[in-house]
Amino acid sequence: MISKNLTAASTRAIILGILKQGNSYGYLIIKKIRELSDGKMQYSDGMLYPVLHRLEKEGLIKSFWKMEKESKPRKYYEITAKGKKALAAEQEQWDQVNAVLQAIWQLRSTQA
Amino acid sequence: MKKDNVNTPQPPQILLKFLRWFCDPKLVEDVEGDLTELHQTRAASSKRKADWMFARDVILLFRPGIIRNLQFSAPFIRVYMLFYHFKTALRLATRHKGYTLMNVSGLTVGLASCLLILMWVNDEISVDKFHEKSDRLYQVFRDMIQASGDIETTEAIPQPLELELKNSYPEVEHVCILGWEMELLFRSGDNTLYEKGRYASADFFQVFSFPFLAGDPATSLTDVHSVAISRRLAEKLFDDAWPEAVGKPIRINEGQEFKVTGVFENPPVTSSLDFDFILPAQEFIQRNPWVESWFNGGFRMYLTLKEDVDVNAVKTRIHQEVNKHTDYAADEPIYLQRFADHYLYSDFQQGVASGGRIQYVRILLVIAFFVLVIACINFMNLATARTSTRAREIGVKKVMGAQRASLRIQFFAESLLHAFVSMVLALLVVYLSLPYFNALTGKMLRFDFTDQKLWMGLMGITIVTGLLSGSYPALLLSSFKTISSLKGTGQQDLGATSMRHGLATFQFALSIFLISGTMVVAAQMDYIFNKDVGLDKRNVIMVPLEGDLFGKNVVYGTALKKIPEVKDVTFTSGNPLSFGSSTSEAKWEGKNPGDVVEINVLSVDSDFLQTLDIDLVTGEDFVDNFKTDSTRFLINEVLAGIMGFTDPVGKRLSVWGTDGVIHGVVRNFHMSSLYDPIQPLIIRFNPRSTGSAFIRIQGSAQDAIARIEAATRELNPAFPFRYSFLDHEYASRYEREKAVSSLVDIFAIVSIFLSCLGLLGLSSYSADQRSKEIGIRKVLGARVSGLILLLSRSYARLILVAFVFAAPVSYFYMQHWLNTFAYRTDLNAFYFVASGLLTFALGAFTVGLRSYQAATANPVKTLKEE
């Protein structure tokens, strides 16, 4: 199971990343993350909503109403151009973190 | 757009409502959508299980970050807190009954006084404002520039100016003349009554707004023998048939018959013009052609300007109108004053409206403010004095997270609650005392509860009083430090104590100011009423010569002198309070032809000086022989001074075409208000011009009046007997001063009462605080007198400081006020020392009483309480 802190830290990049794949809404995003992480990444109740709201406020995503068959209209989110740029920046940072971590794992294994 | 599908399972509505209630509105759409979708997915297997899971999710979402921001519920909390503050204030008020009683009674008295004064002031400032054209209605005045350079302003305007304004001034809409007030006998059938009214020209009812109930205001005064009467006179004359009064005949003064052409509504109480009939001025002018001269002023004159006319342009144009038509024989410029301003600004000094009743309005407004401030200070002082008892409460509240603002609101809520309760009681007090207040002031004040402005005013005063009273306690108490508050000690810091003492000193300074002012006003009134006016005004009865009495001076005089209670009788053209005629045309030896001196002229019959006990300074009295006396004049000392002769007796003097000599100089006597200096006067012997009998009586006044009435009725049976006392006439000149003086007295007493109430509160508190100290001192052998001194000393010092500040201010202000009188009492230190001593005595008594109680308390009781 991935720790809460790490989940929280990566939420921004993950949400933007998922929305880059296509428009979505809260429950679908949670489902998608669960699938992608094999259930190892779990969002606690209500954790996602304030993040979505904040991202919308920052102009990285925008919401719209969408009517699906036989159900109530749902509020969908779509990534904006600004959001895409932010995602690129996030991606770069995570890559760097990943590179550092990789290097460190390498180091440990050599010493071992 | 939202459409539910009936086939899809729905989550429990109550849970949804709960979610919508607590969830942040910005998130609720996402949350609700997701939970509903999840519920639908779950319900596919089990609806019941899905509902339970939905409930679990909703409850888990009831957490910070999802719950709506507290800011959104702030108004609710604020309202609740306000309610809570009022509840606490109510509890405190009922717990400390004595303190509440003191506060509420003080504020009630203060507010009631303030309300009464404001009602009086409101009535004063609303006088004459009811006329529809009030904003463009002006009265014409004439400045008479004297040889000495003094300017005398008169309302008497040459009548031809009316026609000039009508013909040559397109800016003027209507203009009318109005005569002096007169009292005439009205007869309709057997109904006879004396009524007061005036002469006026045709446009009178166009200029002023006295609505007509019958007849046409535009034409009611066009016929010479017409009369417009008030509703009350119509009711008196015609009873229930008054609405049909128009066209009916009325006989006036048992002579000419006049036809009623209009019935107008009674002039309202806010009208300075009060009359029950208006006769056409033309009727008077026909009989008195002298008024048609540009050189004589016979009437008052009023005009309305057309809308949007520049009054200053008219003022400039009209300025020299009289001078132009008199070929600049004298310098008498014309001046326009807005009629609505005249009631308050009726005194003229050097041709400029300098004041009048507005001075009383200002004085009373200041008093109202003072009284309310004193009452508010009481509240502040008592509230801050009780700080230590409230300190723990404040400390605990602060520990519990109360903000300073919240504590401030609490104290304001307390003071507002007190102010509100006091206002309700004050309204009751005012309501009950209004009849007495009206009797005292001669007004007809009443509450009009349908008037929105009244409610807004009351609300405004309540809020201002509440905020003012609560301001200092709110600032001081909320600033306490939490730790020391919890200890309940150390609150009485020097700043708070000095502030409290400062406020108490200020209160006493105001009281000393008001008391000394009241004493000076009373002394001046006393001076006026008892001043030697130059003649003996006591035991003199005045009877107007009317009907068959007129022209029968000898017969009437002889009949009166037969009455044992009648000592002397004389006849004059007016009474010494209104001469009725004056001239600027008098000429004497050596007078500079260009000089203008306005001189009063009094026509008298025999025994004038003897009856009124007027001293002759030099020369001789008339010898009661018309042939000899008709060319002799007596003058007063003022005129003698203006003429500049060392001995004026024997010098030539010419008045109204009669050439004669000055036969004597009489001692000055007062003719008008003591505000004004004595005017120059010529007394001439002319029995035919007299209109009043002056009868000096002796012995029983009742018998004298009964016999005089019998003698008068015998000669003049058609007219009811009328008389008045000369000293009452003098006194009536100062009615407004008397009324205001009584008001000042009352409110000065109120202010000292309030100050003492405050002092009682402070000293009680101080005695309570020091009860243990007193107990220990007593146990150690202190005497009661020593303890009283200990407790009273600081307050005595406050009163002393107040005196030092108040006395000079009061002296300066009262000297300023006295200067408005031409004849005034001397201002001496007595008034100030006496007011200081009185305040000191009352203060000492109040504090002493409470201190005595404290000092005589059994120390066992005070010391065992721990």
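Given the structure is predicted, the values throughout are model-derived calculations rather than measurements. Throughout this document, residue positions are counted from 1 along each chain, in the order its sequence is written. Numbering of ligands from 1 and lettering of chains from A proceed in the order in which they are written. The predicted nature of this model means local features are confined to residues of pLDDT at least 70 and side-chain atom pairs, given and counted, to a pLDDT of 80 or more, with totals for whole chains, interfaces and linings taken over all residues. To obtain the side-chain values, all non-hydrogen atoms of the structure were included, while hydrogens and water were left out.

1. Details of the overall build of chain B
Link 1 in the chain: Numbered from the N terminus, helices here are DSSP runs of H or I no shorter than four residues, and strands are runs of E no shorter than two. For chain B, the helix and strand inventory stands at 29 helices and 26 strands.
Link 2 in the chain: Relative to the compact-globule value of 29 Å for 866 residues, chain B shows a C-alpha radius of gyration of 39 Å, a clear excess of over 25%.
Link 3 in the chain: When the backbone C-alpha atoms are referred to their principal axes, chain B occupies close to 135 × 90 × 55 Å.
Link 4 in the chain: Every residue pair with non-hydrogen atoms within 4.5 Å of one another is taken to be in contact. Contacts spanning at least 24 positions in sequence make up 78% of the contacts within chain B whose residues lie at least 6 apart. Only C-alpha atoms enter the radius of gyration; for comparison, a globular chain is expected to reach 2.2 Å times N to the power 0.38, where N is the number of residues.

2. Re the overall build of chain A
Link 1 in the chain: Along the backbone of chain A there are 4 helices and 2 strands.
Link 2 in the chain: Reading chain A from its N end, one meets helices and strands in the order α-α-α-β-β-α.
Link 3 in the chain: Referenced to the eigenvectors of the C-alpha coordinate spread, the extents of chain A come out at roughly 60 × 30 × 20 Å.
Link 4 in the chain: In chain A, of all internal contacts separated by at least 6 residues, the share reaching a separation of at least 24 is 52%.
Link 5 in the chain: Split by element, the accessible area of chain A, about 7000 Å² in all, is 52% carbon and sulfur. All accessible-area figures derive from a Shrake-Rupley calculation using a 1.4 Å probe, and residue coverage is judged against the displayed protein chains alone.

3. Topic: the layout of surface pockets
It is a probe the size of a water molecule, rolled over the atoms, that shows where empty space is left.
Residue and element names in this part refer to chain B.
Link 1 in the chain: Of the grid points, spaced at 1 Å and generated over the protein atoms alone, those admitting a 1.4 Å probe that cannot get out make up cavities, while open sets with protein on both sides within 12 Å along at least five of seven lines make up pockets; any residue with an atom within 4 Å of a point is treated as lining. Grid points are joined across faces, edges and corners, and a volume is the space filled by probe spheres set on the points. One number sums up the size of the second largest pocket: a volume of about 690 Å³.
Link 2 in the chain: As for the second largest pocket, its lining consists of 18 residues, and the residues nearest its centre are Met-119, Asn-122, Arg-446, Asp-451 and Leu-454.
Link 3 in the chain: Going through the elements one at a time, helix 5 (97-125) and helix 16 (452-478) are the ones with two or more residues in the lining of the second largest pocket.
Link 4 in the chain: Classes in brief: Ala, Val, Leu, Ile, Met, Phe, Trp, Tyr, Cys and Pro nonpolar; Asp, Glu, Lys and Arg charged; the others, Gly included, polar. Along the lines of polarity and charge, the residues of the lining of the second largest pocket split into 10 nonpolar, 3 polar and 5 charged.

4. Notes on the pattern of salt bridges
Link 1 in the chain: Any carboxyl oxygen of Asp or Glu within 4 Å of a side-chain nitrogen of Lys or Arg constitutes a salt bridge here. All chains considered together, the criterion is met by 39 salt bridges over all chains.
Link 2 in the chain: In this structure, the salt-bridge partner of B:Glu37 is A:Arg74, at a minimum N-O distance of 2.7 Å. With B:Glu37 in helix 2 (residues 28-43) and A:Arg74 in strand 2 (residues 74-79), this residue pair bridges two chains. Each member of the pair, B:Glu37 together with A:Arg74, is buried.
Link 3 in the chain: Here B:Arg287 ties to B:Glu283 by a salt bridge, and the two come within 3.1 Å at their closest N and O atoms. A residue pair is termed a helical-turn pair when its members lie 3 or 4 positions apart in one helix, as B:Arg287 and B:Glu283 do in helix 9 (residues 281-287) at 4 residues.
Link 4 in the chain: Buried means the residue's accessible area, taken with a 1.4 Å probe over protein chains only, is under 20% of the maximum for its type, while exposed means over 50%, and partly exposed covers the values in between. Note on B:Glu283: relative accessible area 8%, which makes it buried.

5. Focus: the packing of helix 27 (residues 784-818) of chain B against helix 28 (residues 829-856) of chain B
Helix-helix packing is characterised by the crossing angle of the two axes and by the distance between the axes.
Residue and element names in this part refer to chain B.
Link 1 in the chain: To define axes, lines are fitted to C-alpha atoms, for helices over the stretch in contact only, and angles between the resulting N-to-C directions are given on a 0 to 180 degree scale. Running from N to C, helix 27 and helix 28 point in directions that differ by 160°, and their axes come no closer than 8 Å. Overall, the two elements helix 27 and helix 28 adopt an arrangement that is roughly antiparallel. Classified by chirality, the crossing of helix 28 by helix 27 is right-handed. Should an angle fall under 35 degrees it is called roughly parallel, over 145 degrees roughly antiparallel, and 65 to 115 degrees roughly perpendicular, with every other angle called oblique. Left-handed describes a crossing whose near helix is turned anticlockwise from the far helix through less than a right angle; right-handed describes the clockwise counterpart.

6. Some details on empty space enclosed by the protein
All names here are of chain B.
Link 1 in the chain: Evaluation of the coordinates by the stated rule reveals 3 cavities of 30 Å³ or more.
Link 2 in the chain: If you go around the largest cavity, you meet 17 residues; those closest to its centre are Tyr-99, Ala-383, Arg-386, Arg-390 and Glu-414.
Link 3 in the chain: Mapped by element, the contributors of at least two residues to the lining of the largest cavity are helix 4 (74-95), helix 5, helix 13 (357-385), helix 15 (404-441) and helix 16.
Link 4 in the chain: The leading source of residues in the lining of the largest cavity is helix 15, at 4 residues.
Link 5 in the chain: Taken as a whole, the second largest cavity spans an internal volume of roughly 60 Å³.
Link 6 in the chain: For the second largest cavity, the full set of lining residues is Tyr-194, Val-543, Pro-544, Glu-546, Leu-549, Thr-712, Arg-713, Asn-716, Phe-719, Pro-720, Phe-721 and Arg-722.
Link 7 in the chain: Mapped by element, the contributors of at least two residues to the lining of the second largest cavity are strand 15 (540-544) and helix 23 (701-715).

7. Structural notes on the interface of chain B and chain A
Link 1 in the chain: Counting residues at the interface gives 24 residues for chain B, matched by 18 residues for chain A.
Link 2 in the chain: In short, buried area is how much 1.4 Å probe accessible area vanishes from two parts on joining, totalled over both. Roughly 2000 Å² is buried in total at the junction of chain B and chain A, and carbon and sulfur atoms are behind 56% of that figure.
Link 3 in the chain: Inspection of the region where chain B meets chain A yields 3 salt bridges.
Link 4 in the chain: Polar contact criterion, stated in full: a pair of N or O atoms within 3.5 Å, where within protein one must be able to donate a hydrogen and the other to accept it, and residues adjacent in sequence count only if both atoms are side-chain atoms. In this assembly, chain B and chain A are joined by 8 residue pairs in polar contact (both at pLDDT 80 or more).
Link 5 in the chain: For the side of chain B that touches chain A, the elements supplying multiple residues, two or more each, are helix 2 and helix 3 (47-61) of chain B.
Link 6 in the chain: No other element matches helix 2 of chain B, which puts 9 residues into the side of chain B that touches chain A.
Link 7 in the chain: Tallied by class, residues from the side of chain B that touches chain A come to 7 nonpolar, 5 polar and 12 charged.

8. Let's talk about the packing of helix 2 of chain B against helix 3 of chain B
Residue and element names in this part refer to chain B.
Link 1 in the chain: Close contact between helix 2 and helix 3 brings their axes to 8 Å; oriented N to C, the two are set at 155°. The angle between the axes of helix 2 and helix 3 places the two elements in the roughly antiparallel class. Here helix 2 and helix 3 pass one another in a crossing that is right-handed. Touching Val-31, Leu-35, Thr-36, Leu-38, His-39, Arg-42 and Ala-43 of helix 2 are Lys-47, Ala-50, Asp-51, Met-53, Phe-54, Arg-56, Asp-57, Val-58 and Leu-61, all from helix 3.

9. Side note on the packing of aromatic side chains
Residues and elements named next belong to chain B.
Link 1 in the chain: The criterion for an aromatic pair is that two Phe, Tyr or Trp rings (for Trp, the six-membered ring) have centres within 6.5 Å, with stacked assigned to planes under 30 degrees apart, edge-to-face to planes over 60 apart and tilted to the rest. Here the structure, examined in full by the defined rule, presents 32 aromatic pairs over all chains.
Link 2 in the chain: With a centroid separation of 5.0 Å and an interplanar angle of 85°, the aromatic rings of Phe-210 and Phe-275 are classed as edge-to-face. Taken as a pair, Phe-210 in the loop between helix 7 (204-207) and strand 6 (212-215) and Phe-275 in the loop between strand 9 (257-264) and strand 10 (277-280) lie far apart in primary sequence, 65 residues in all. In terms of burial, Phe-210 and Phe-275 fall into one category: buried.
Link 3 in the chain: Seen in terms of ring centroids, Tyr-302 and Phe-339 are 5.4 Å apart; in terms of plane orientation they differ by 85°. Their pairing is edge-to-face.

10. Quick look at a nonpolar patch on the surface
Residue and element names in this part refer to chain B.
Link 1 in the chain: Here a patch means residues that are over 30% exposed by relative accessible area and free of salt bridges, tied together within 9 Å if like-charged and within 5 Å if nonpolar (Val, Leu, Ile, Met, Phe, Trp, Tyr). A surface patch of nonpolar side chains, about 900 Å² in accessible area, is lined by Phe-420, Val-421, Val-424, Leu-425, Leu-428, Tyr-431, Leu-432, Phe-449 and Trp-455.
Link 2 in the chain: Of all the elements, helix 15 adds the most residues to the nonpolar patch, at 7 residues.
Link 3 in the chain: Its place among the elements puts Leu-425 in helix 15.
Link 4 in the chain: Residue Leu-425 is classed as partly exposed on the basis of its relative accessible area, which comes to 36%.

11. Focus: the pairing of strand 22 (residues 652-655) of chain B
Residues and elements named next belong to chain B.
Link 1 in the chain: Two strands qualify as a pair provided that DSSP identifies no fewer than 2 bridges between them. For strand 18 (residues 587-588) and strand 22, the ladder comprises 2 bridges, and the chain directions are antiparallel. Bridge pairing in strand 22 places Lys-587 opposite Ser-654.
Link 2 in the chain: Where strand 22 hands over to strand 23 (residues 658-666), the hairpin turn is made up of 2 residues, of which Trp-656 adopts a positive phi near 45°.

12. Overview of the nonpolar core
All names here are of chain B.
Link 1 in the chain: Note on terminology: a nonpolar core comprises buried Ala, Val, Leu, Ile, Met, Phe, Trp, Tyr and Cys residues joined through side-chain atoms within 4.5 Å. Of all hydrophobic cores here, the largest spans 61 residues; its most connected members are Trp-120, Ile-367 and Phe-747.
Link 2 in the chain: Counting only elements with at least two residues in this core, the list comes to helix 5, helix 13, helix 15, helix 16, helix 18 (494-530), helix 25 (735-769), helix 27 and helix 28.
Link 3 in the chain: Top element by residues in this core is helix 13. It accounts for 13 residues.
Link 4 in the chain: Formed by 44 residues, the second largest nonpolar core is a distinct cluster that contains Ile-157, Leu-237, Ile-250 and Val-263.

13. Section: the environment of B:Gly466
Link 1 in the chain: Note that B:Gly466 resides in helix 16.
Link 2 in the chain: Along the primary structure B:Gly466 and B:Ala439 are separated by 27 residues, whereas in three dimensions their C-alpha atoms are 32 Å apart.

14. Topic: unusual backbone geometry
Link 1 in the chain: Of note, A:Asp38 is a non-glycine position whose phi angle comes to about 60°, a positive value.
Link 2 in the chain: Along the chain, the position of A:Asp38 falls in the loop between helix 2 (26-36) and helix 3 (48-57).

15. Re the environment of B:Ala89
Residue and element names in this part refer to chain B.
Link 1 in the chain: Residue placement: Ala-89 occurs in helix 4.
Link 2 in the chain: By relative accessible area, Ala-89 is classed as buried at 2%.
Link 3 in the chain: Taking the C-alpha atoms as reference points, Ala-89 and Asn-530, separated by 441 residues in sequence, lie 55 Å from one another.
Link 4 in the chain: Beyond its immediate chain neighbours, meaning those up to four positions away, Ala-89 contacts Glu-414 and Leu-417.

16. Observations concerning the confidence of the model for chain A
Link 1 in the chain: For every residue, the predictor states its confidence as a pLDDT score lying anywhere from 0 to 100. In the predicted model, chain A carries a mean pLDDT of 86, and 92% of its residues have values of at least 70.
Link 2 in the chain: In the model of chain A, helix 4 (residues 81-111) of chain A stands out as the element of lowest mean pLDDT, 87, in contrast to strand 2 of chain A, which has the highest, 90.

17. What to know about the side chain of B:Thr326
Link 1 in the chain: Mapped onto the elements of the fold, B:Thr326 is located in the loop between helix 11 (321-325) and strand 12 (334-338).
Link 2 in the chain: When near neighbours in sequence (up to four residues on either side) are disregarded, B:Thr326 contacts B:Trp294 and B:Phe295.

18. Observations regarding the environment of B:Val309
All names here are of chain B.
Link 1 in the chain: Tracing the sequence through the fold places Val-309 in the loop between strand 11 (300-305) and helix 10 (311-318).
Link 2 in the chain: Its relative accessible area of 26% is what places Val-309 among the partly exposed residues.
Link 3 in the chain: Ignoring any residue separated from it by four or fewer positions in sequence, one finds Val-309 in contact with Glu-171 and Val-314.

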